[in-house]
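Remarks on the overall topology
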Amino acid sequence: VRSIRRFAPSFAPSAALHPGERAEREGSVRRLWYGAAPYLLAIMSVATALGVRLLLQRLGVVGASEMRMSLFLYAIAFSAWYLGAGPGLFAAILSTLTYNYFLKDSHSLRIAPDQVPFYIAFVLFAVVITRFTAVRRRVELAQQPHLGAALDHAFGDHAAGHVADLGDAEDL
């Protein structure tokens with residue numbers, strides 16, 4: 001067990017670790033999970049958009065071919081709005097690759113020259129919605145102390161405590 005802990009501490013059994021090492025390991029796993037979770041949810045949102053798009057296409061829903069990328073735009077907007085700028089841009093890149101591979105006849109990642117304006121507009125939308133979301137979050141965080149003081153003045157200490165709890169929850 002000692003050699004495993006020395007060369008690959010993440011694979012060492014938890015029982016073989018000292019209590020301090022175990023807490024440090026659990027903390028690093030928790031940080032890794034909280035860092036990766038938004039990106040995993042962005043992948044799930046793009047996969048859901050692809051699944052719905054393929055289902056609509058399979059069912060022959062009128063207008064499914066005209067929607068082209070709208071479901072993917074919703075996945076990008078969801079990822080940027082609820083998960084942050086990084087997952088939003090990740091969802092944009094993943095949506096572009098997914099559309100090129102799964103919804104084109106060639107099943108290739110190449111972009112045809114006549115499709116370049118379409119992809120430029122798509123990427124610009126993704127950048128705008130992601131930037132808008134980043135600005136919105138920054139403004140909300142900047143207003144949070146002022147909101148807590150206003151609620152404290154209006155409703156007492158009880159309301160200000162709830163605003164602080166909401167700020168802690170958004171940091172996750």
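Rules used throughout
- Each chain has its residues counted from 1, following the order in which its sequence is written.
- The model is predicted, so local features are restricted to residues of pLDDT at least 70 and side-chain atom pairs to those at 80 or more, both for listing and for counting; the totals for chains, interfaces and linings are taken over all residues.
- In computing side-chain values, all of the structure's heavy atoms are included and hydrogens and water are not.
- Here, the term nonpolar core denotes a set of buried Ala, Val, Leu, Ile, Met, Phe, Trp, Tyr and Cys residues that are joined through side-chain atoms within 4.5 Å.
- Only protein chains enter the accessibility calculation, which uses a 1.4 Å probe; a residue is then buried when its area is under 20% of its type maximum, exposed when over 50%, and partly exposed in between.
- By definition, any uninterrupted DSSP run of H or I lasting at least four residues is a helix, any uninterrupted run of E lasting at least two residues is a strand, and each is numbered from the N terminus.
- Contact between two residues is taken to exist if any of their heavy atoms lie within 4.5 Å; hydrogens are not considered.
- Here the expected length of a helix is defined as 1.5 Å per residue gap, with one fewer gap than residues.
- Confidence of the predictor at the level of single residues is given by pLDDT, which spans 0 to 100.

Take the nonpolar core next. By size, the foremost hydrophobic cluster in this structure holds 18 residues, and its most contacted members are Phe-72, Ile-76 and Tyr-99. Listing elements by their share of this core, those giving two or more residues are helix 2 (19–59), helix 4 (70–83), helix 5 (85–102) and helix 6 (116–155). Per element, the largest residue contribution to this core is five residues, and it comes from helix 4. Setting aside its immediate chain neighbours within four residues, Tyr-99 contacts Arg-68, Met-69, Phe-72, Lys-104 and Tyr-119.

The subject of this paragraph is helix 5. One full turn of an α-helix is made of 3.6 residues, so residues set three or four places apart face in the same direction. With 18 residues, helix 5 extends 25 Å between its outermost C-alpha atoms, agreeing within 8% with the 26 Å of an ideal straight helix rising 1.5 Å per residue. Residues of helix 5 that are buried: Pro-87, Gly-88, Ala-91, Ala-92, Ser-95, Thr-96, Thr-98, Tyr-99 and Asn-100.

Across the protein, pLDDT averages 75, with 69% of residues at or above 70. For the protein, per-element mean pLDDT is lowest for helix 1 (residues 2–7), which scores 46, and highest for helix 4, which scores 89. Taken together, the stretch residues 168–172 has pLDDT below 50 and engages in three contacts with residues farther than four places along the chain or on a different chain.

Structurally, Ala-92 can be placed in helix 5. Residue classification places Ala-92 among the buried residues on the basis of a relative accessible area of 9%. Taking C-alpha positions, Ala-92 is 7.9 Å from Phe-72, a pair spaced 20 residues apart along the chain. Ala-92 has contacts with Ile-76, Phe-122 and Ala-126, leaving out every residue within four places of it along the chain.

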